Every structure is written in C-alpha cells, then in structure tokens.
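The primary structure of each chain is shown beneath.
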Amino acid sequence: MAAQPGPAPADRAREAAVEAALGKLDLDAKTRLLAGRDTWSLPALPEIGLTSLVMSDGPIGVRGVRWTADDPSVALPSPTALAAAWDPELARRAGTLLAQEARRKGVHVLLAPTVNLHRSPLGGRHFEAYSEDPYLTGVIGAAYVSGVQAGGVGTTVKHFVANDAETDRFTVNNLVSERALRELYLAPFEFIVANARPWGVMTAYNTVNGTTMTEHRRLVNEVLRGEWGFDGCNVSDWTAARSTVGAIEGGLDVAMPGPHTVYGAPLARAVRDGTVAEAVVDGAVRNVLRLAARVGALEGAEPAVTEPPGPVDGAALAREIARRAFVLVKNDSGALPLRPGTVALIGAAARDARVLGGGSATVFPAHVVSPLDGLTAALPEGTLSYAVGADPVTELSVAGQGFELRAVCRDAAGDVIGTGSAPNGAIQWMGSDLPEGVTHDRLHTVELTGTFTPRESGPHTFGIKGSGHFTLTVAGTTYYDETQHPAEDGDRFEAFFGAPVPRAEVALTAGEPVAVSLTFVVALPDDIPFEVVAFALCHQQPRRDADELIAEAAEAARAADTAVVVVATTERVESEGFDRTDLALPGRQDDLVRAVAAANPRTVVVVNSGSPVELPWRDDVAAVLLSWFPGQEGGAALADVLTGAHEPGGRLPTTWGPLADAPVTRVVPENGELAYTEDLFIGYRAWEKEGRTPSYPFGHGLGYTDWTYESVEVDGTTAKVRVRNTGERPGREVVQVYLAPAGSGPGRPARRLAGFAGVQAGPGESAEAVVELPRRAFEVWDEASDTWSFVKGSYEIQVGRSITDRRITVTINV
Ligand code: BGC
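This structure is a prediction, so every number in the text was calculated from the model and none was measured.

A few words on the site of the ligand. For the ligand, the set of nearby residues contains 14 residues, the closest of which are Asp 57, Arg 125, His 159, Tyr 205 and Asp 237. One nitrogen or oxygen atom from the side chain of His 159 is found 2.7 Å from an oxygen atom belonging to the ligand. Side-chain polar atom of Asp 237 to an oxygen atom of the ligand: 2.7 Å apart, as the coordinates give it. Burial of the ligand by the surrounding chains reaches 97%, relative to a free accessible area of 310 Å². Of the residues contributing to the shell around the ligand, the split by class is six nonpolar, two polar and six charged.

On to the pattern of salt bridges. Two side chains with opposite charge may pair up if their charged atoms get near one another. Applying the stated criterion to the full structure yields 55 salt bridges. A salt bridge links Glu 101 to Arg 104; its shortest N-O distance comes to 3.0 Å. Taken together, the residues Glu 101 and Arg 104, both in helix α4 (residues 88–104) and three residues apart, mark about one turn of the helix. A relative accessible area of 4% means that Glu 101 is categorised as buried. Arg 169 is paired through a salt bridge with Glu 166; the nearest N and O atoms lie 3.5 Å apart. Across the pair, exposure class does not vary: Arg 169 and Glu 166 are buried alike. If you follow the salt bridges from partner to partner, you end up with Asp 11, Arg 14, Arg 197, Asp 231 and Arg 294 in one network.

A word on the domain arrangement of the protein chain. Taken domain by domain, the protein chain holds domain 1 (314–393 + 546–675), domain 2 (403–452 + 455–540) and domain 3 (705–813). Computed over C-alpha atoms, the centres of domain 1 and domain 2 are 32 Å apart. Tallying the contact residues gives ten residues for domain 1 and eight residues for domain 2. Approximately 660 Å² of surface area, both sides summed, lies buried where domain 1 meets domain 2, with 44% of it carried by carbon and sulfur atoms. In terms of surface lost to domain 2, no three residues of domain 1 exceed Arg 351, Arg 572 and Gly 577, which account for 48% of the buried area on that side. Our count for the contact surface shared by domain 1 and domain 2 stands at one salt bridge. Residue Arg 455 pairs with Asp 352 through a salt bridge whose shortest N-O separation is 3.3 Å.

Bringing unusual backbone geometry into the picture now. Residue Gly 58 is joined to Pro 59 through a cis peptide bond whose omega torsion reads -10°. In this fold, Pro 59 is placed in the loop between β1 (55–56) and α3 (79–84). A cis geometry characterises the amide bond from Leu 336 onward to Pro 337, with omega recorded as -5°. Relative to the helices and strands, Pro 337 is located in the loop between β10 (327–331) and β11 (343–346). Here the phi dihedral of Arg 197 falls at roughly 45°; this positive angle occurs in a residue that is not glycine. Within the element layout of this structure, Arg 197 appears in the loop between α7 (187–196) and β6 (200–203). Residue class for Arg 197 comes out partly exposed when judged on its relative accessible area of 42%. Although it is not a glycine, Trp 628 sits at a positive phi angle of roughly 55°.

What counts, and at which threshold
Within every chain, residues take consecutive numbers counted from 1 along the sequence as written. In keeping with the model being predicted, local features are shown solely for residues with a pLDDT of at least 70 and side-chain atom pairs are shown and tallied solely at 80 or more, while totals for entire chains, interfaces and linings include all residues. With hydrogens and water excluded, all non-hydrogen atoms of the structure serve as input to the side-chain values. Whether a residue is near a molecule or strand depends on its heavy atoms: it is near if one of them lies within 4 Å of it. Any pair of nitrogen or oxygen atoms within 3.5 Å is treated as a polar contact; in protein, a donor-acceptor pairing is required on top of that, and neighbouring residues in sequence qualify only through side-chain atoms on both sides. Only the protein chains shown count as cover for residues, and the accessible areas themselves come from Shrake-Rupley with a 1.4 Å probe. When residue character is reported, Ala, Val, Leu, Ile, Met, Phe, Trp, Tyr, Cys and Pro are called nonpolar, Asp, Glu, Lys and Arg charged, and the others, Gly included, polar. Only one rule defines a salt bridge in this text: a Lys or Arg side-chain nitrogen within 4 Å of an Asp or Glu carboxyl oxygen. By definition, any uninterrupted DSSP run of H or I lasting at least four residues is a helix, any uninterrupted run of E lasting at least two residues is a strand, and each is numbered from the N terminus. Exposure categories follow from relative accessible area, calculated using a 1.4 Å probe and restricted to protein chains: below 20% of the type maximum is buried, above 50% is exposed, and the middle band is partly exposed. Domain extents, as shown, originate in an automatic or database domain assignment. What makes two residues a contact is simply this: any of their non-hydrogen atoms within 4.5 Å. The buried area of a pairing is the accessible area, by a 1.4 Å probe, that goes missing from both parts when the two are put together, added over both.

This is the structure we're talking about:
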C-alpha cells in the first residue's frame, strides 16, 4: 500500500503555531473561545494574538454582521440555480466572489454551503440546497468551498446532517437507515471533505436516530473526523447546542450564538468538577485555533492564502450565473428566442422581482434588475408593454416601496437615546449592531417613523410582524395599541420569518404622503438566548379586482406579438422556518397564465421560484423558462436569454412534477419523529421506482441549438462521449452519464448519475466529453459489515441529455 503523504510544510508550521497558542491559554480563556461573544463572532484573545473570528450567512451572498439594507451585498442566484448550471467551475468562481465580499465585510467564515438534499419538494429551504442527487450536490458544493477558501475565507458546510425539512426543525427526530445516510444524506459532506477539505462544518438542529446532531458523537467524531479525516471546526447551528457535556463529548467545537451558551463558564465548571476532561476541551480549542490560523486571525501563523485572487466583478458574475442557470423546459416552434416585434410583459414579479429566498439566506443587494428593467433596456423603444395581471402576494409584506422611514430609540423615561436608518420596515438588530449611542440595557422602545406615499389610491392595509407591545398610527389615527402574541406553532425566529398580522385598513390617495409610526416596546422572546430587536412594519397595496386585472393582461397579450408572463412564489411560500403544504402558485397566477395563453398562442412563461411549483397550464403555452431566484441581475440575464444574446444554460438539478405524483411528501413529524420510510428512493430514484412520469425529469433542459450523441468509448472507468452540435448556433451541452446495474442488485435504484461534463461546440462541430466514473458509483453501503461494498457484475453506462433522454448505452463488466 502506498504511503499516505504527510501534512504539507505550511500545515505543519501552522499546527505548531496552533499548539503554541493553545499552550498559553488557561481553562477560562479556552472555554470562552468555544462560545459566541455575540450573534456572529467569537471573542478575541489578545494574549495569544487572536482576533475575533467573524461569521456570516451565506450561501448566495455575504450579509455581514448587520441584518439591514444599509449594508448591501452582491446577491447571486439561489443555490438551486447554481446547481442547475451543472458547472463546478462556475460554482468555484461564485466562491471566489463570495470570499471577496467576505473580506470586504470583515467576515472570516461564510456559513455555507447548504448541502442537505431535496428529499421532498415541500421542504421550505429547498431553494437553498442544490439538488435531489447527492453526487451533483457534492460536486457543486466542493467547487463552491474551494472557491471561497481559495480566497482565504472559511466555510461551514451545513447542516450536518438530514436537515431536509423545516417542520419542528429544532426537535424533530429523523429516523434514517444507515444505508440511506451513507448513500444519500452524508454523501455530499463526505465528497466535499475528500475533495475540498472544508475548514468548517455546521451541525444541524435536528436529531438523527435518537441523538441530537450537536451531540452526535458517532457521526461527528467517528464518521466525519475519524473515517473521513475532517480537520476543521464544527460550529453549532444558531441555538442548536443544548447541553454542555453532551455537546463537548459529542464533538461540537463552537456553540453559537453567544453570549448565553452551554460553553464558556458552564464548560469551565464541568472541567473543574471532573465531568469533562480538559483534553477534550483542548481538542475543540485546537480546531478553533486552526480555523483562525487558516483565515489569518492568529498572529504568528501563516494564513492558508497569502494572496487572494484578483478582483471579481460581482454584478457581471451574478448575471452570467443567472443565464447559465435558467432552464428552458419547453420551447415549441422556436418560440424563443423572441422574434422582432412587440412584447407584452405580464406579472407582478416582472416589476417587483423576487430575486432571492427568505430566511437566514437573505442578503440586501444594492440594486435589483427586474425583468421589466432588463427588457426595457434590451428591447427597442415602444415595443414593450406591461400589465400586473395577478399579484402572487396574498398577504402583507415588509413595508418597502413608497416608505421613507427611520428608527428612533428611547429609554424608559421616553428620552431619545439614538436614531438609526431604516431602509425598509424591518428592524433586525442583533448583538452590538444598534444605532450609535444605544445599548440593550437602556433601550426601551423603538419607533419606526416617517411617511408613506401610495402608488395607488384605495384601501391600504398596514400590519405588524413580531411579538410584544406595539402602537401603530397612520395619518394621525392610532389603529393598534396592544400586545401581539407569537403564533402557537411558530418558529423560534418568528420575528424574522413569521407571518405579518394585518392591524389597520386606511383609505389613501395615490401620490399623497401620510405619516406612519410603529412603536415597539423592546422585549426578548424567552427562547432566544441572544440580544436581538426584531419586528417589522408591513403593508399591502389596495387589492384590485382580480378578474379585471386578468382581463387587462389578456388584452395586452392579444395586442402584442409575444406575451411573456412572469409567475412567482413569495416569501410566505418559500423560506426558512416552515415547509410548504402544496406546490401551487399563490393567488390567481394559474388563471392568469390560462387567460393570456388563450389570448396569444405565442405565450412564454417565466417561472420565478426557487423550487418546484405546479404548472397545470404547461401544455397550453409555447415556452416555459425556469428562472429560479435569479439574484440581483436576474432581469438583465432574462433579457439576455429572451432576446437570444445568450442561450439558457440550465439543466434540472431536481425533478419537477405535481405534488399528487411526488413520491416523498411527508415532512411533518408524528409524535416528534419523521421516518424516512422511502429509504434510498428520493428524487428521480423514487419517480423511476414508482413508474411515474414527472412534468420535467432530472437533467432536462433545452438550449438554442440541437445535439446528437455520436459515440461512447469506455476505457476502465473513463467514459469518452462524442457529441455534435447539429443546430445553427454555438452552444453548451451538459453530457450526463448514468450508471444502471444489471438486475436490481441489492435494493438499488434503477440508475444513478455517475458523472457529467459540459462541452461547447459551434454549429456543425463535434466535441468530446470526458467523464471519470467514480468508484463510489459502483458501491453500496453494506449494513451487515458496516462498510462500502463494491458490487461486481454487469452495468449499463447510459449517456444522454437527462435521466429519461438517454441516447447511447454501452455495457461493461466490472
Ligand atoms: C440557520 C442557519 C444559519 C444560522 C445563522 C439558522 O437558523 O439554520 O443556516 O446559518 O441560522 O443565521
């Protein structure tokens, strides 16, 4: 057996610096280092030259330590979109940009990527994970981690493990077989550890097979560290650490956020009374110091990256990823690219674009290019009309358009102690992120005050998100002066992710400003162990008659050569903290599409959602383009693709189909338990097993040219695939290789994605895709022997454009 290479000299030198620093710390300093100093950072320890390590979400941008539009970030397309590009190099470049953003914001560790799987389309954070396939997830995740870390910034691959839905996420006990864990849910983590050597991992809120993940000694210490050799730092998900001894013995290095955690003083006490060995604490401290050394926060240790890569143009990259991610699932009679002529653009999301998913993944871009902005810039003047058609937002949203607000902070005596800016109606102050001069001790009330200038006349609804005592005044009248209680089944972070409650309806006139004020008596929810002030003023436009809006849009469609309808989900449909209960588009959007399609046979539908939605009208329209949450430049990228300046490059990273046919729909635990009874059969594995035909299969996506598959040559485990561009313009093809064992094997899925490669060719040219088939594709987890087992025999190598559009098959024996 070949000798394993030892650590590189730089690693050895860094380890020596880490040991030296560790040796200088006393028990109190060590245990303090393992607990958040505040919401986003660890304490500095000047005695060893350690600066405070700062962490931030992730994954589509770097929010920084402030949760506000005052501190903007580049917003890239959603992770589902990044995966849809099927291009690790593009994911790596996204990582490089994010490292640059992190450095700009003083962030050392990015809380990303999310590599949980699309077990069920109902999962609320589906948009934030890559794929239903563990291999594709691993490849994209590893490239992303490599990109971020090549910029000298750490990552925490999350959420380890089986955090695949949101219902009761803090407590749910997911019951998963060892084989499904190994072959599906652990697989992306394992791949990323092996291929990108991440500097961090985040352990999940949930329990797996009876043990909460922040205490899961077997999966963390034995599997992640022991078997796979992970040498990074293990950070808890926010508030996930529950017990001092359980967590430290279970391999959790850092309990976030602080200052009130199970580490720090309670951990020092546990060592002093002999319950925990100091050597165990040392192990965790070593992991934190190693992370600090790698990111350059420990004096005397050489950072892993001394010269970060050159500057990346964030806006240009966001636009490139978006168009490379759009999936054209249907394009009858060449409806796209658009021909010269007039275009009726329809849909609320065409004007007020939904560019990112909600929850902790939220960042605040400096600007957003909506589809209306993008097409206005790209199309000749006078050729574009716009109609709302239908509004997907069926409830209030955070006050934004038309509001001019600021926050006034007062003490208990009513004296003003500070004022802060409020770019929109949401106040989300954490830790020391308070307006100048304000402290949590003195702060008694926050008043959001300013004006609202309506865009439309009619009854406007105002409401409140959050819990506590609120006073709401609009145009001089107080409409609410009471205590709003949290929803009984709400998430702990409801003030961030919960539902707004309507509290006032006020008739207003377009263009005439009115005074608005919302005062909150600051109170911390009992179960949030860190300092936070969070609430929001919410608003809803007057509701116009829905039938009238649809009729107006149909009229606009009839008058134009092409109709482009943008349909969307909302923040109340796809976000953190809850799961979906159906896959329908909210509001009257399905009726809208049907009416527009009846008025104009050349109707193109753009689906602006992070995860699958039902498209019941898909047979009635000419083209369907999935745009995901396309990031801040989404509208510009959409114009690139609709006009044909670029082809849409995406392929589905997850199967799209109606909920009634979806194989895995259970995301709600029973008596605290969620059994993964489908075992190995999620995503395409399950659709195939059930013999069901989805609307659009895994891997599917059309470009603007055509491809033929000419030959496949297999040499050992290398497949060489020759494809030819038979269309009229240059293009990129994602050559997909599926591996199908002969016979069903030991309970194996019919086939699995074993590899893929992107190739480019001009019209008439051919190109060769070279795909290495990994050994793991031939292996199954053998529960009897607790190891991977290579399954010998005959396999079909099936090469094609999607899991169902397989063009060439060759058989091999291994
Ligand atoms: C989420 C994590 C996130 C953390 C910090 C948690 O609620 O589950 O993904 O990184 O908050 O915002």
